[in-house]
Amino acid sequence: MEISEELYSSGAKCIKIYQSKQNRDERVKVSGWVHCIKKREKDLMIFVLRDGTGYLQVVVDDKLCEIGNNFLLTPESTVTLYGLIRKVPEIKSTLDSHELICDYLKLIGLAPAGGIDFISNNKESKLLSDNRHLVIRREKTSKILKVRSYLLQVIRDHYFERKYHEVNPPSIITYKMEEADNMFKVDFFGEPMYLTPSSQFYLEISLPTLGNVFCVAESFRREETKSRRHLAEYTHVEAECAFITFNDLLNNLEELICDIVDKVMKSPAGPLIKDLNPNFTPPKRPFRQIDYAEAIIYLKEHDIKKEDGSYFEFGEDIPEMAERKMTDQMKEPIFLCRFPASIKMFHMKRCPENEKLTQSVDLLLPNVGEVIGASMRRDNYDELLEAFHQDGLDTSLYYWYTDQRKFGTCPHGGYGLGLERLLTWLCNWHHIKDVCLCPRLVGSFQP
Ligand code: 4AD
């Protein structure tokens with residue numbers, strides 16, 4: 001016999017799981033997904049419900065258990081429940097200290113038998129990546145995605161508190177910022193265009209109208225490497241500041257990292273980070289600073305070599321592995337400063353004391369390596385044009401960028417922070433793909 005929902009719904013307050021505590025001893029209606037079934041007996045059934053705001057233990061009373069249907073209830077099925085919220089004496093780590101004594105259960109969508117058990121104990125990476133839409137329902141992944149959400153919120157808070165404005169630059173661009181083969185080409189109404197690897201130029205042109213600016217935008221890199229810190233699409237937090245010196249830029253970066261760590265640990269993400277990364281300790285100020293030239297000496301002295309077994313020489317790029325070994329040995333954040341101009345972008349400002357060096361800095365963090373790339377920009381119109389010509393670039397495509405130096409230039413600098421790399425550091429997660437909703441990297445494009 002079908003029992004009417006109306007009989008049970010009267011007086012029930014519709015809540016989300018996070019509101020359980022404030023509704024203790026109240027009659028409520030709550031909907032969600034069956035996370036797992038803990039007990040299934042003839043006259044007692046206990047399961048955990050989740051709705052994204054929390055997890056709630058549900059005790060199905062004996063009358064309801066008699067209604068045969070709910071014995072078929074499977075994990076991942078969706079349900080609407082009515083009942084009384086009660087305090088439970090025992091507190092489990094992920095569960096709230098309250099439970100629902102359920103007297104009416106309405107099945108919304110029945111999931112296949114076993115729910116997502118088929119991926120739970122599976123380590124086969126293709127199966128897991130093809131089923132990412134189900135993997136994200138697991139507790140650990142859900143925690144990481146929640147940390148990501150709070151992290152973005154505190155990053156925005158950091159900027160807004162300091163009167164930066166947020167801008168939304170285009171993702172489809174005409175010009176080549178990185179080397180062309182590192183960019184994705186798109187067909188834009190018959191015109192060849194590119195997916196942006198950085199919004200830097202658009203932030204720079206925003207300075208005269210908005211002052212300091214930032215953006216949170218997707219950046220695209222045609223990375224063929226299968227490294228554990230490279231994605232083909234990633235969330236790029238970029239900022240640009242007017243009327244600053246290189247020293248101001250370093251201070252801004254240190255303040256950014258320390259402030260967002262402080263904020264995120266005080267946010268609801270704090271306990272999640274502690275749970276995922278129990279040994280996490282906020283970085284100490286001031287950050288260690290070393291020049292690129294000193295790093296080359298350090299690598300030699302600590303026997304960190306290139307893949308071919310030789311030592312790095314001044315003027316060579318320090319690749320991921322060597323950079324990470326150095327950072328892991330130093331066990332603290334490092335500002336790696338003043339790279340040679342020959343290995344950096346043409347728009348970076350030169351050092352006054354040595355024209356061959358740039359006012360540039362990478363922030364390296366233990367276990368991850370480079371998390372931020374930053375520099376002061378060439379702000380002199382003629383010098384910038386000369387740099388374009390030396391790189392063989394067609395300045396006509398960049399008139400809007402060079403105009404910024406013509407119509408009221410100023411010393412300025414900025415940076416790009418890889419959100420996923422920061423997250424892997426906060427959560428102590430091995431692979432960058434696991435901190436994305438649906439990662440895009442070579443060989444992985446579904447879902
Ligand atoms: O050092 P990058 O290439 O700097 C720029 O793009 C500048 N134009 C940014 C600016 O000054 N506005 O990239 C900045 C950061 C890196 O430090 C890294 O954290 C991240 O972006 N990043 C990647 N993250 C994931 N996958 C990739 N393939 C990445 N490439 C760069």
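Provided above is the structure to which this section pertains.
The model shown is predicted, which means the values in this text are computed figures rather than measured ones.

K.L.:
How would you sum up the overall build of the chain? Please name residues and give values.
P.N.:
Helix and strand counts for the chain stand at 14 helices and 19 strands. Oriented by its inertia axes, the alpha-carbon framework of the chain measures out at about 85 × 50 × 40 Å. Looking at the 447 residues of the chain, the share that counts as buried comes to 49%. Look at the contacts in the chain between residues 6 or more apart in sequence, and 65% of them connect residues 24 or more apart. Where the 59 positive side-chain charges of the chain centre and where its 67 negative ones centre are 5 Å apart.

K.L.:
So what about the pattern of salt bridges? Which residues, and what values?
P.N.:
Going through the model one piece at a time under the given rule, you end up with 33 salt bridges. The partner of E161 in a salt bridge is R162, and the shortest N-O contact between them spans 3.7 Å. Between D379 and K349 there is a salt bridge, with its nearest N and O atoms 2.7 Å apart. Highlighted residues: D379 in the loop between β18 (369–376) and α12 (381–390) and K349 in the loop between β14 (334–337) and β15 (350–351), separated in sequence by 30 residues. On the basis of relative accessible area, D379 is assigned to the buried category, the value being 16%. Through salt bridges with shared partners, a single ionic network connects E161, R162, E255, D259 and K263.

K.L.:
Account for the site of the ligand, naming residues and giving values.
P.N.:
Contacts to the ligand come from 21 residues, most closely from Q200, R221, E238, E370 and V371. Separating an oxygen atom of the ligand from a side-chain N or O atom of Y234 is a distance of 3.0 Å. For the ligand, the protein covers 91% of the area, taking 630 Å² as the surface of the free molecule. Elements represented by at least two residues in the shell around the ligand include exactly β12 (233–242), β18 and β19 (412–418). Taken together, the residues that form the shell around the ligand break down as six nonpolar, eight polar and seven charged.

K.L.:
So what's going on with the sheet that holds strand β8 (residues 172–173)? Residues and values would help.
P.N.:
The strands making up a sheet associate through backbone hydrogen bonding, with each pair oriented either parallel or antiparallel. Strand order across the open sheet formed by three strands is β8-β10-β9, with antiparallel pairing between neighbours. Each end of this open sheet is capped by a strand with a single partner; those strands are β8 and β9 (185–188). Relative to strand β10 (residues 191–195), β9 runs antiparallel, the two being bridged by four bridges. The residue of β10 that forms the bridge with V186 is M193.

Parameters and conventions
- Residues numbered from 1 in each chain as written.
- Predicted model: local features only at pLDDT ≥ 70, side-chain atom pairs only at ≥ 80, totals over all residues.
- Heavy atoms only, no water.
- Helix = DSSP H or I, 4+ residues; strand = E, 2+ residues; numbered from the N terminus.
- Buried < 20%, exposed > 50% of the residue type's maximum accessible area, 1.4 Å probe, protein only.
- Contact = heavy atoms within 4.5 Å.
- Lys, Arg positive; Asp, Glu negative; His and termini not counted.
- Charge placed at Lys NZ, Arg CZ, Asp CG, Glu CD.
- Salt bridge = Lys/Arg side-chain N within 4 Å of Asp/Glu carboxyl O.
- Near = heavy atom within 4 Å.
- Polar contact = N/O pair within 3.5 Å; in protein donor to acceptor, adjacent residues only side chain to side chain.
- Areas by Shrake-Rupley, 256 points an atom, 1.4 Å probe, with all protein chains shown as cover.
- Nonpolar A, V, L, I, M, F, W, Y, C, P; charged D, E, K, R; others polar.
- Pairing = 2+ DSSP bridges.

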